Every structure is written in structure tokens, then in C-alpha cells.
Amino acid sequence: MGDPMKRVAILISGRGSNMVSLLEGMRAGEIDGKAVLVVSNRADALGLDKARSFGVPVKVIARGEAKGRESHDRAVVAALEDAGAEIVCLAGYMRILTPFFVERYHQRLINIHPSLLPSFPGLHAQEQACAYGARISGCTVHFVDAEVDHGPIIAQAAVPVLPDDDADALAARILEQEHRIYPRALADLCADRIRLEGRRVIIAGRPVSFPGSLCVC
Ligand code: GAR
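Quick caveat, the model's predicted, so the values are computed rather than measured.

Draft legend 1. Expanded view of the sheet that holds strand S5 (residues 109–113). Pairing within the open sheet is mixed, and its 7 strands lie in the order S3-S2-S1-S4-S5-S6-S7. The two strands at the open ends of the sheet, each matched to only one other strand, are strand S3 (58–60) and strand S7 (153–160). In this sheet, adjacent strand axes meet at a mean angle of 20° when their direction is disregarded. In this sheet, S7 lies alongside strand S6 (residues 136–143) in antiparallel orientation, the contact comprising 7 bridges. Note on S7: the bridge partner recorded for His-142 is Ile-153. Set on the sheet, helix H3 (residues 69–82) makes contact with strand S1 (6–12), strand S2 (33–40), S3 and strand S4 (87–90); between it and S2 the angle comes to about 155°.

Below, the structure is given as C-alpha cells:
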């Protein structure tokens, strides 16, 4: 019988708190996944030591080691394939992936973004939400496609933007929700509960929770 655990790789660039939430979910048995590799594009990413403390192999593939975006992605994909990764999670990985990478992991590549997409894609999403004057923001887990912060949405959580918020205060409130919804979305993917109808993500086999509406007025 094959291993029911999906082989999961996580890509980071920095602190790695979302990575930790995924690793904790796997360690606790809440996710039918086994972490096989953490890749960082930065040698100084704080998340690398956290990954090591979970006993997960880490690899740094930094800018400059490969010339050009696609050859960098080819180096990352080669490492992922060596590790036998079946699912790839971006967790604060601050590089735009080339179509080569995205196609290789079609519907097996997910990302967390700190806004309610399609609002505020791109960099500094929390700062964008504050500057725009949004009353509600949040976070989104989505499949990665060839456009930035665009693929089908798996999960979202909303938080208020309070009058005195700066980007850091809002980011902290959003981050709590990121740590809640990302492990859950990965659990759904690992358990094959996710199916796509066009852009719509259908999650089968568990009740979708709806704790109530969030209204800021
Ligand atoms: C998180 O807020 C994540 O949503 C964001 O970077 C942070 C990484 O924190 N990602 C993006 O903005 C991607 N566009 P972490 O390293 O502690 O998980």
C-alpha cells in the first residue's frame, strides 16, 4: 500500500511563521502531509533554523546561483523533484514564479497572501489596505497560476481595519488568521478534498465553517 501522506515542500524568504503553522499541523497529524523540504531564496531567512528544529531538510537557492528567473526556478524545481515533493506551499516566498514552475506544479502549488484577493495583490498588501482606507481586510489561500496573486481561492478570513491601525498592527491581526486558514487549506489539499469548477474551489468531505459575518461600521 502506498503512503497516504502527501510529500510537502515549503518555500520561504524570511521569518517563516506560516511555515511553522504548516509544520505544526503536520506534526500534530492534522494534515495528511509529510514535510520533505524547505527551500529559501535567502541564506539569512530566520525560518531556516525553525525548519531545522522540526527536523526538515533545508536548502538555500539564492539569487545569483542561477542566471535568470527561469533557470532559478529550474534549480528550485530540481530540488523539489529530488525530494519527491507532491505539493508545494509558498509561505512568504517573495519571488514571482515563472510559467515553467507554475505549470510543473499545476493545482499542487498554493500561496498565502495578506489581503482579501482580488483586493491589494502584490507587495505590501497590508500597507495598501491601510492607505486605501479599507474597513475590512484579511488573508487568502489560493492556487498559484501564471498571474501574480490570481489563482483560484481556497480559503479566506477577514479582519477589521481599525482607525488607529498602521500596516504593522494590521499585519499582526491578519497573521493570526493566516496561521488559522493556511494549515486547514493544506489539510484539504493533502486529503484530496479539493476540486475545481472553473475558478471555483469545491471542498468536499467536511462542513465549511461560517462563524458569522464581519461588519465594521
Ligand atoms: C505573510 O504575511 C504572508 O502572507 C506574506 O508574507 C508574510 C510572511 O510571513 N506573503 C506575501 O506578502 C506574499 N505576497 P512569514 O514568513 O512569517 O510566514
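Draft legend 2. Structural context of the pattern of salt bridges. Under the definition given, this model contains 9 salt bridges. Of the charged contacts, one joins Asp-44 and Arg-42 as a salt bridge, the two residues approaching to 2.9 Å between their closest N and O atoms. Its salt-bridge partner being Arg-173, residue Asp-165 comes within 2.6 Å of it at the nearest N-O pair. Since its relative accessible area comes to 15%, Asp-165 is described here as buried. Residues participating in the shared-partner salt-bridge network are Asp-188, Arg-193 and Arg-206.

Draft legend 3. Examining the site of the ligand more closely. The full set of residues close to the ligand is Arg-15, Gly-16, Ser-17, Asn-18, Gly-92, Met-94, Ile-112, His-113, Pro-114, Leu-175 and Glu-178. Here an oxygen atom of the ligand and a backbone polar atom of Gly-16 are 2.8 Å apart. Measuring from an oxygen atom of the ligand, one finds a side-chain N or O atom of Ser-17 at 2.6 Å. Counting residues per element, the ones that place at least two in the shell around the ligand are helix H1 (17–27), S5 and helix H6 (167–190).

Draft legend 4. Spotlight on the packing of aromatic side chains. The full count for this structure, using the stated rule, is 2 aromatic pairs. When the centroid spacing of 5.6 Å and the interplanar angle of 65° are considered together, the rings of Phe-120 and Tyr-132 count as edge-to-face. Placement of Phe-120 in the loop between S5 and helix H5 (125–132) and of Tyr-132 in helix H5 is noted, with a sequence separation of 12 residues between them.

Draft legend 5. Seen up close, the pairing of S5. Within S5, 5 of the 5 residues are buried, leaving the element largely enclosed by the surrounding structure. Burial along S5 is two-sided: the residues Leu-109, Asn-111 and His-113 and Ile-110 and Ile-112 are all buried. In terms of strand pairing, S4 meets S5 through 3 bridges, oriented parallel. Opposite Val-88, over in S5, you have Leu-109 as the bridge partner. Crossover S4 to S5 through helix H4 (residues 99–104) is right-handed. As paired elements, S5 and S6 share 4 bridges and run antiparallel to each other. Looking at the pairing, His-113 lines up with Thr-140 of S6.

Draft legend 6. How the structure looks around unusual backbone geometry. Leu-117 connects to Pro-118 through a cis peptide bond whose omega is 15°. Its place among the elements puts Pro-118 in the loop between S5 and H5. At Phe-120, a position not held by glycine, the phi torsion is positive, near 55°. The exposure class of Phe-120 is buried, given its relative accessible area of 14%. In this structure, His-124 takes a positive phi of about 55° despite not being glycine. Take His-124: it is sitting in the loop between S5 and H5.

Draft legend 7. Focus on H3. Counted at 1.5 Å a residue, the expected span for H3 with its 14 residues is 20 Å, and the 20 Å between its end C-alpha atoms agrees. Of the positions making up H3, those classed as buried are His-72, Asp-73, Val-76, Val-77, Ala-79 and Leu-80. One face of H3 carries all of its buried residues, which in axial projection span an arc of 155°. Of the surrounding elements, those touching the buried residues of H3 are S1, S2, S3, S4 and H4. Immediately beyond the C-terminal end of H3, within one or two residues, lies Gly-84, with a positive phi of roughly 70°.

Conventions adopted
Residues numbered from 1 in each chain as written. Predicted model: local features only at pLDDT ≥ 70, side-chain atom pairs only at ≥ 80, totals over all residues. Heavy atoms only, no water. Pairing = 2+ DSSP bridges. Helix = DSSP H or I, 4+ residues; strand = E, 2+ residues; numbered from the N terminus. Axes fitted to C-alpha atoms, helices over the stretch in contact; angles between N-to-C directions. Contact = heavy atoms within 4.5 Å. Salt bridge = Lys/Arg side-chain N within 4 Å of Asp/Glu carboxyl O. Buried < 20%, exposed > 50% of the residue type's maximum accessible area, 1.4 Å probe, protein only. Near = heavy atom within 4 Å. Polar contact = N/O pair within 3.5 Å; in protein donor to acceptor, adjacent residues only side chain to side chain. Phe/Tyr/Trp six-rings, centres within 6.5 Å; stacked < 30°, edge-to-face > 60°. Right-handed = clockwise from strand over helix to strand, strands pointing away. Expected span 1.5 Å × (residues − 1). Arc of directions from axis to C-beta.

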